[in-house]
Each structure stands twice: as structure tokens, then as C-alpha cells.
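The lines below spell out each chain.
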Amino acid sequence: TPLVPSPAVEAQVRRSLLLAGPRALYVADEIVRGAPATLASLWHGRGTRTVVQEGGRDAEISWSRSRAAAAATRLRVVATASRPITVARASGFYSEVYGAEEALDYVRLEASTATSLRVLAAVDLGSPSDAPLVVSRPSCPAHECLAVDDGLGEDVLLLGDGATSLAASGVAAEGRFARVRREGGAVHAAQLEEGTRLEADGALLLTAARPSTLSLSPG
């Protein structure tokens, strides 16, 4: 905001996306502004919306829908932020497809009077017949982290400012964003964004002489 040509919004916004298989999408948002303002990560969903958790630095929102033209689907967002956030609810977006304003609802994960905000989110894309992803928040007071278990393995996600060392659940990194997937106790895949080092369980996975974006694929 504001949605007018003048004054211009003086903020830098970046969003990193990682599609981790057919059921999980990981999103890392970062917003930086020169002067304090209300900063927010915005989420849209179709159908019945439920705010499952809010308060402090954590939030969880889910949408569900079932229409004759499409199979039942589920969208669930579990997020943790760099500072306390509130869930601001709103609706009224008009959908030409369904011809109704209530077709789209949105929420804003907001931090008021802030110059920076990071939001790390795990998005559950599974169908209602799938067991939901189990998302937990390991201890990591200096940055943001999530652990996501899909029944076959676990992903550990770390997000920081690029200058602070990242560490949680046996994963350590120097960089902005890191993900390590373990299956059967062994590392299955890994990603490092704008980083120089990624370790898991004391073993070096990725290293670079200068900040780089690197990936280890399964196998």
C-alpha cells in the first residue's frame, strides 16, 4: 500500500519458492522498508477459510472447497515470522469464473510499525484423502525454521537475513535459505540459496567460495 501512483512504495520485496514434490510448497518472503510501516505476506484461497492459529510469530490458515466442476481440494498454510504477526482477514474479490465476490478470501500476515519482515511458510497441497503434513517449529531463536514430515521423510527449512548463521534440528548453514530432506535417517535432497555452506548431522553437503544457489537432487 498505497495503491496509487504517488507516493511510491519504498520497499524491497522478494519471494523464494520451492516445490518439494506434489504435496508441499515452501515459501520464503522477505520485505524491507526504509521507514516503519505495516508489512504483510499476502495469501489468497478459495472456499471456506479457517484461521487455525494466530498470535506471536506463528500462524496457520486453511481453505477447503468442493465444487461439482472440480474434485475436493485442500490448501493449508503454516507460517512462522521474524517478528510478531497478526492475521488480518478480508474478502470481496470478484471472480468472473464463479460470478460471486465470496469466491476468493484472503489473509494478510501483518507486522505493524516494522522496517523488515521475514515469513517462512509451508503450504500443504494434498487432497483431503491424504494425511496432512505434520509441521513443527524447532528451536531457532535467531532466525526462522520449520520441520515438515510427510510420512516418508522430513524436511528442515531455515530462513535468515543472509548474515546470521542458521542452525536447527542438526542442519547448519551460512546463507539466506536452506532446506535438507532426510528419508530413513539419510540425507535425500538439499537446497541452499545465496549461501556458502550447508551441513547436516555434521557432514558437509554443499560449499561455495562465494554466496551461491546450489541444489542436491534425490540420489
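Here the residue index of a chain counts from 1 through its sequence in written order. Where totals are concerned, whole chains, interfaces and linings use all residues; where local detail is concerned, this predicted model gives features only for residues with pLDDT of at least 70, and gives and counts side-chain atom pairs only at 80 or more. Think of the side-chain values as coming from all heavy atoms in the structure, minus any hydrogens and water.

J.: Would you take a moment to explain the environment of A114 for this structure?
T.: To qualify as a helix, a DSSP run of H or I must reach at least 4 residues; to qualify as a strand, a run of E must reach at least 2; elements of each kind are numbered from the N terminus. Following the sequence through the fold, A114 ends up in strand β7 (residues 100–124). Sequence-wise, A114 and V32 are 82 residues apart; in three dimensions their C-alpha atoms are separated by 8.7 Å. Non-local contacts of A114, meaning those with residues more than four positions away in its chain, are made with A35, P36, A37, L39 and R83. Between two residues, a contact is recorded if the distance between any of their heavy atoms is within 4.5 Å.

J.: Which parts of the structure should I look at to understand the packing of aromatic side chains?
T.: Stacked, tilted and edge-to-face are the three classes assigned to paired rings of Phe, Tyr and Trp, where Trp is represented by its six-membered ring and a pair needs centres within 6.5 Å; plane angles under 30 degrees give stacked, over 60 edge-to-face, the rest tilted. Going through the model one piece at a time under the given rule, you end up with zero aromatic pairs. Positioned above the aromatic ring of W43 is the side chain of R15, whose terminal nitrogen or guanidinium carbon lies 5.2 Å from the ring centre. Charge-over-ring contacts are defined here by two conditions on Lys NZ or Arg CZ: a distance within 6 Å of the ring centre and an angle within 35 degrees of the ring normal.

J.: Any chance you could explain the state of the cysteines here in plain terms?
T.: Each disulfide consists of a covalent bond between the sulfur atoms of two cysteine residues. Two cysteine sulfur atoms make up a disulfide if the distance between them is within 2.5 Å. Tallied over the entire structure, the rule returns one disulfide. A sulfur-sulfur distance of 1.9 Å marks the disulfide that ties C140 to C145. Here the S-S torsion is close to -100°, and the disulfide linking C140 with C145 is therefore left-handed. Any residue under 20% of the maximum accessible area for its type is buried, any over 50% is exposed, and the rest in between are partly exposed; the area is computed with a 1.4 Å probe on protein chains only. Assessed through its relative accessible area of 11%, C140 is described here as buried.

J.: Is there a simple way to think about the nonpolar core in this case?
T.: In summary, soluble globular proteins display a tendency toward joint burial of nonpolar side chains. To form a nonpolar core, buried Ala, Val, Leu, Ile, Met, Phe, Trp, Tyr and Cys residues must be joined to one another through side-chain atoms within 4.5 Å. W43, I61, I85, L109 and L117 are the most contacted members of the largest nonpolar core, which totals 21 residues. In contact with L117, other than residues within four places in its own chain, are D29, E30, I31, L39, A40, A81, S82, R83, I85, L109 and A111.

J.: What exactly am I supposed to notice about unusual backbone geometry here?
T.: Peptide bonds are trans in most cases, and residues, glycine excluded, mostly fall at negative phi. Of note in the backbone geometry, S169 takes a positive phi value of approximately 50° without being a glycine. In this structure, S169 sits in the loop between β11 (166–168) and β12 (171–174). Not every positive phi belongs to a glycine, and E194 is a case in point at roughly 50°. Summarising the element assignment, E194 is placed in strand β14 (residues 186–200).

J.: Explain the pattern of salt bridges to me, please; I cannot follow it from the model alone.
T.: We count a salt bridge whenever a side-chain nitrogen from Lys or Arg sits within 4 Å of a carboxyl oxygen from Asp or Glu. In total, this model carries 16 salt bridges according to the counting rule given. Between R14 and E193 there is a salt bridge; the shortest N-O distance is 3.5 Å. Here R14 is found in strand β1 (residues 11–20), whereas its partner E193 is found in strand β14, with 179 residues between them in sequence. The exposure class assigned to R14 is partly exposed, which follows from its relative accessible area of 32%. Accessibility expressed as a relative area gives 14% for E193, which makes it buried. The partner of R76 in a salt bridge is D124, with the nearest N and O atoms 3.3 Å apart. You can see R76 sitting in strand β5 (residues 70–81) and its partner D124 sitting in strand β7, a full 48 residues away along the chain. A relative accessible area of 13% means that R76 is categorised as buried. Assessed through its relative accessible area of 1%, D124 is described here as buried. One network of salt bridges, in which partners are shared, links R14, E30, R176, E193 and E194.

J.: Looking at this model, I keep getting lost on the side chain of D155. Mind explaining?
T.: Its place among the elements puts D155 in strand β10 (residues 154–159). A relative accessible area of 2% means that D155 is categorised as buried. Each polar contact in these results corresponds to two N or O atoms within 3.5 Å; when the atoms are within protein, one needs to be able to donate a hydrogen and the other to accept it, and residues that are neighboring in sequence are counted only if both atoms are side-chain atoms. A polar contact is formed between the side chain of D155 and the side chain of R179, at a distance of 3.2 Å. Excluding its chain neighbours within four sequence positions, the residues that come into contact with D155 are A20, Y26, L146, A147, V148, R179, V180 and R181.

J.: What is the right way to read the pairing of strand β15 (residues 203–216) from this model?
T.: The sheet contact formed by β14 and β15 spans eight bridges and is antiparallel. Within β15, the residue paired with Q191 across the bridge is S215. Any two strands with at least two DSSP-identified bridges between them are counted as paired.

J.: Whenever I open this one, the layout of surface pockets confuses me. Can you help?
T.: Using a probe with the size of a water molecule, rolled over the atoms, empty space left in the structure can be pinpointed. Taken as a whole, the second largest pocket spans an internal volume of roughly 230 Å³. In this analysis, the protein atoms alone were mapped onto a 1 Å grid. Cavities are point sets where a 1.4 Å probe fits without being able to get out; pockets are open sets with protein on both sides within 12 Å along at least five of seven lines; lining residues have an atom within 4 Å of a point. Lining the second largest pocket are 18 residues, with A20, G21, P22, D150 and R181 sitting closest to its centre. Breaking the lining of the second largest pocket down by element, the ones donating at least two residues are β2 (24–46), β9 (144–149), β13 (177–183) and β14. Top element by residues in the lining of the second largest pocket is β13. It accounts for three residues. Its residues placed into classes, the lining of the second largest pocket shows nine nonpolar, two polar and seven charged. Grid points are joined across faces, edges and corners, and a volume is the space filled by probe spheres set on the points. Residue polarity is assigned by list, with Asp, Glu, Lys and Arg as charged and Ala, Val, Leu, Ile, Met, Phe, Trp, Tyr, Cys and Pro as nonpolar; anything else, Gly included, falls into the polar class.

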